[in-house]
Amino acid sequence: MAKQRAAKRKKKEQAEYFFDYSLLFIVLFLLGFGLVMIYSASSYTAAQTFGNAAHYLERQLTAVIIGLVVMIVVANIPYHFWERFALLAYIVAAGMIPLVKTPLGVKSHGATRWIGIPGTGFNIQPAEVAKLCMILFLGVLVCKMGKGVRTTKGFFLMVLIPMPIVAEVYLLTKNLSSAIIILGISVLMVFVASPDYKKFVVMGLLVLALAALMVYLVVSGSEILAFRGSRIMAWLDPESDPTDKGFQTLQGLYAIGSGGIWGKGLGQSMQKLNFLPEAQNDMIFSIICEELGLFGAVAIIVMFIMLLWRMMVIANNAPDLFGAMLVVGVMGHIAIQAILNIAVVTNSIPNTGISLPFISYGGSSVIFLLIEIGLVLSVARRIQLKEL
């Protein structure tokens, strides 16, 4: 009897302290690789601008360390603890975004998307906070609605509730990519929670029709879309405006094409020498292709696929619906953002200005991504092992 009790206790302890080391390894690899590529892509520009080739690397490393510490803390807190803060999270997301229009707002590259933290020298991007807050709020909402989310009313409620946040992000910060991601997270979460796929097919067709209409209006010479229209025209024909709207796209494509299969070698990029704007940020995938070639690009894509696969496994085995929804939300965020970034860099879609998760330079982005990974690890730790 004593042996049986000891075996049960050991099994319970092992199940209680289960940890997804595969997921953690992939995240750490992407972070480490990102730091290497940020230094490679930014050292020349940083040396010219700040007199310190490691300027961007040091700032990103600080953000990564902060993010890892917070990730560990969040991973050790039962994820149900955050349920009580769901409504507060929505209010915080809605309240932070307008702060970019106050004296706290920080303008960079023609857009005011950041809030300065007094006395620290660091900035925070409210859109990144909004993504995390919406995952938490929608996860709780799905659980509260139960089977009601499968009805037409529930479907539209889930899609419409994020709209005020989406509108704020787009109208106040001019950040279309983050607005798309927040809406995409909402649609993916209700897609997983609802077995009726007809609504999503109709929605997808409507989005495609709207996109086709926008392209037609631009090609026909309409001025309705204004700035976005010039982005679409640059996407259709980058060489039509090679010194302005099409410049970044062309330089990125030059970088990708010159890398070949194996690349020029780490640190040997030519496009980062003041040719490619935002080489360490939105366009870092171009530098990866140039220095590490097709091999390096495919390797990074495979790592993202493995990361999403681990999250899918955790979501499928989550102890309850709330845990599954949290993981689905994080998975949707990372998947949509990675796909959009690679699509922009390869000129598959118009340029929207979006970073590559864990790899691009950006303190706010990496910190809040690591908080989300902490939530996923918290859900994983509560999965009961069936076989030991």
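Refer to the structure presented above.
Here the structure is a predicted model, which is why all the values come from computation and not from measurement.

Peer 1: Help me out: how do you make sense of the overall build of the chain in this one?
Peer 2: Assigned secondary structure in the chain consists of 14 helices and 3 strands. Put simply, the chain has 388 residues, and 48% of those count as buried. Partitioning the intrachain contacts of the chain with sequence separation of at least 6 by distance along the chain shows that 71% fall at a separation of at least 24. Surface exposure of the chain reaches about 18,700 Å², of which carbon and sulfur atoms provide 68%.

Peer 1: Just checking my understanding: could you explain a nonpolar patch on the surface for this structure?
Peer 2: A surface patch of nonpolar side chains, about 730 Å² in accessible area, is lined by Ile261, Trp262, Leu294, Phe295, Val298, Val302 and Met306. Looking at where Met306 falls in the secondary structure, it is placed in helix H12 (residues 284-316).

Peer 1: How should the pattern of salt bridges be read in this particular structure?
Peer 2: As a working rule, side chains carrying opposite charge can pair if their charged atoms are close by. Across all of its chains, the model carries 4 salt bridges by this definition. With a shortest N-O distance of 3.2 Å, Lys131 and Glu128 are connected by a salt bridge. With a gap of 3 residues between them, Lys131 and Glu128 both fall in helix H5 (residues 126-145), about one helical turn apart. Residue class for Lys131 comes out buried when judged on its relative accessible area of 1%. The class for Glu128 is buried, based on a relative accessible area of 4%.

Peer 1: Help me out: how do you make sense of the layout of surface pockets in this one?
Peer 2: If a probe as big as a water molecule is rolled over the atoms, it shows which places are left empty. Counted as a void, the second largest pocket has a volume near 1,400 Å³. In this structure, the second largest pocket is lined by 36 residues; those nearest its centre are Ile180, Leu183, Val207, Leu210 and Ala211. Broken down by class, the residue content of the lining of the second largest pocket amounts to 29 nonpolar, 4 polar and 3 charged.

Peer 1: Where do I start with the packing of aromatic side chains in this structure?
Peer 2: For any pair of aromatic rings, geometry is given as the distance between the ring centres together with the angle between the planes. As enumerated under the stated definition, the model contains 9 aromatic pairs in all. In textbook terms, an aromatic cluster arises when at least three aromatic residues are bridged by ring pairs, as seen for Phe50, Tyr56 and Tyr361. The ring of Trp309 is capped by Arg310, whose NZ or CZ atom sits 5.1 Å from the centre of that ring.

Peer 1: Can you help me understand the nonpolar core in this one?
Peer 2: Grouped burial of nonpolar side chains is what soluble globular proteins tend to show. Core analysis: the largest hydrophobic core is formed by 106 residues, its most contacted members being Ile165, Phe304, Leu307, Met311, Ile334, Phe358 and Ile359. Setting aside its immediate chain neighbours within four residues, Ile165 contacts Tyr90, Ala93, Ala94, Ile97, Ala130, Met134 and Ile182.

Peer 1: Is there a simple way to explain unusual backbone geometry in this structure?
Peer 2: The phi torsion of most residues other than glycine is negative, and most of the peptide bonds are trans. A positive phi is found at Lys174, a non-glycine position, where the angle reads about 55°. Mapped onto the elements, Lys174 comes out in the loop between helix H7 (163-173) and helix H8 (176-193). Residue class for Lys174 comes out partly exposed when judged on its relative accessible area of 49%. If you check the backbone angles, Phe358 has positive phi at about 70° while not being a glycine. Structurally, the position occupied by Phe358 is in the loop between helix H13 (321-345) and helix H14 (363-381).

Peer 1: Please clarify how helix H2 (residues 21-50) should be interpreted in this entry.
Peer 2: Side chains three or four residues apart in an α-helix point the same way, a direct result of the helix having 3.6 residues per turn. Bending of H2 peaks at approximately 55° at the position of Ser42. Backbone nitrogen of Ser22 and a side-chain oxygen of the N-cap are separated by 3.2 Å at the start of H2; the cap is Asp20. Phi for Gly51, located one or two positions after H2, is positive at around 70°.

Peer 1: Could you clarify how one ought to interpret the packing of H5 against H13 in this entry?
Peer 2: The relative placement of two packed helices comes down to the angle between their axes together with the axis-to-axis distance. Two elements in contact, H5 and H13, have axes whose closest approach is 9 Å; the angle formed by their N-to-C orientations is 145°. H5 and H13 meet at a crossing whose hand is right-handed. Across the interface between the two elements, Glu128, Lys131, Ile135, Leu136, Gly139, Val140, Val142 and Cys143 from H5 touch Leu321, Phe322, Met325, Leu326, Gly329, Val330, His333 and Gln337 from H13. When grouped by side-chain class, the residues that make up the contact of H5 with H13 number 10 nonpolar, 4 polar and 2 charged.

Peer 1: What exactly am I supposed to notice about empty space enclosed by the protein here?
Peer 2: In the structure shown here, the tally under the stated rule is 1 cavity of 30 Å³ or more. Of the voids in this model, the largest cavity is the one considered here, and its volume is about 30 Å³. Partitioning the lining of the largest cavity into residue classes produces 5 nonpolar, 5 polar and no charged.

Peer 1: Explain helix H3 (residues 55-75) to me, please; I cannot follow it from the model alone.
Peer 2: With 21 residues, H3 extends 30 Å between its outermost C-alpha atoms, agreeing within 8% with the 30 Å of an ideal straight helix rising 1.5 Å per residue. Where H3 is concerned, the buried positions are His55, Tyr56, Gln60, Ala63, Val64, Gly67, Met71, Val74 and Ala75. End-on, the buried residues of H3 take up no more than an arc of 150°, which puts them together on one face. Buried residues in H3 make contact with H2 and H14.

Peer 1: Would you take a moment to explain the environment of Val100 for this structure?
Peer 2: You can see Val100 is positioned in the loop between helix H4 (86-96) and strand E1 (105-108). Assessed through its relative accessible area of 3%, Val100 is described here as buried. Spatially, the C-alpha atoms of Val100 and Gly116 are 8.9 Å apart, while their sequence positions differ by 16 residues.

Peer 1: Is there a simple way to explain the pairing of strand E2 (residues 111-116) in this structure?
Peer 2: Look at any regular strand and the pattern is simple: side chains alternate between the two faces of the sheet. Among the 6 residues that make up E2, 5 are buried, leaving the element largely enclosed by the rest of the structure. Relative to strand E3 (residues 123-124), E2 is paired through 2 bridges, and the arrangement is antiparallel. Bridging from a neighbouring strand, Ile115 pairs with Ile124 of E3.

Criteria and thresholds
- Per chain, residue numbering runs from 1 following the sequence as it is written.
- In view of the model being predicted, local features appear only for residues whose pLDDT reaches at least 70, and side-chain atom pairs are presented and counted only at 80 or more, with totals across whole chains, interfaces and linings using the full set of residues.
- Remark: hydrogens and water are excluded; side-chain values derive from all non-hydrogen atoms of the structure.
- In DSSP terms, a helix is any run of H or I states spanning at least four residues, a strand is any run of E spanning at least two, and both are numbered starting from the N terminus.
- Relative accessibility thresholds used throughout: buried, under 20% of the residue-type maximum; exposed, over 50%; partly exposed, between the two (1.4 Å probe, protein chains only).
- Working rule for contacts: check all heavy atoms of both residues, and any pair within 4.5 Å makes them a contact.
- Accessible surface is estimated by sampling points in the Shrake-Rupley manner with a 1.4 Å probe; for residues, cover comes only from the protein chains shown.
- Each patch groups residues whose relative accessible area exceeds 30% and which form no salt bridge, using 9 Å between like charges and 5 Å between nonpolar side chains of Val, Leu, Ile, Met, Phe, Trp and Tyr.
- Put simply, a salt bridge is a Lys or Arg side-chain nitrogen that is within 4 Å of an Asp or Glu carboxyl oxygen.
- Cavities and pockets are defined on a 1 Å grid built over the protein atoms alone: a cavity is a set of grid points where a 1.4 Å probe fits but cannot escape, while a pocket is an open set with protein on both sides within 12 Å along at least five of seven lines, and lining residues are those with an atom within 4 Å of any such point.
- Grid points are joined across faces, edges and corners, and a volume is the space filled by probe spheres set on the points.
- Any residue that is not Ala, Val, Leu, Ile, Met, Phe, Trp, Tyr, Cys, Pro, Asp, Glu, Lys or Arg is counted as polar, Gly included; the first ten are nonpolar and the last four charged.
- Within 6.5 Å between ring centres, the rings of Phe, Tyr and Trp (the latter by its six-membered ring) count as paired, and their orientation is classed by plane angle as stacked under 30 degrees, edge-to-face over 60, tilted in between.
- As a reminder, the over-ring test applies to NZ of lysine and CZ of arginine, requiring each to be within 6 Å of the ring centre and within 35 degrees of the ring normal.
- To define a nonpolar core, start from buried Ala, Val, Leu, Ile, Met, Phe, Trp, Tyr and Cys residues and group those joined through side-chain atoms within 4.5 Å.
- Axes are fitted to the seven residues ending at a residue and to the seven starting at it; the angle between these axes is taken as the bend at that residue.
- Here a polar contact is taken to be a pair of N or O atoms separated by no more than 3.5 Å, where protein atoms must pair a possible hydrogen donor with a possible acceptor and residues adjacent in sequence count only if both atoms sit in side chains.
- Lines are fitted to the C-alpha atoms to define the axes, a helix being fitted only along its stretch in contact, and any angle between axes, read from their N-to-C directions, falls within 0 to 180 degrees.
- In this scheme the handedness of a crossing depends on how the near helix is turned from the far one: anticlockwise by less than a right angle means left-handed, clockwise means right-handed.
- Expected span of a helix: the number of residues minus one, times 1.5 Å.
- Arc definition: directions from the helix axis to the C-beta atoms.
- Note on pairing: DSSP must find at least two bridges between two strands before they are called paired.

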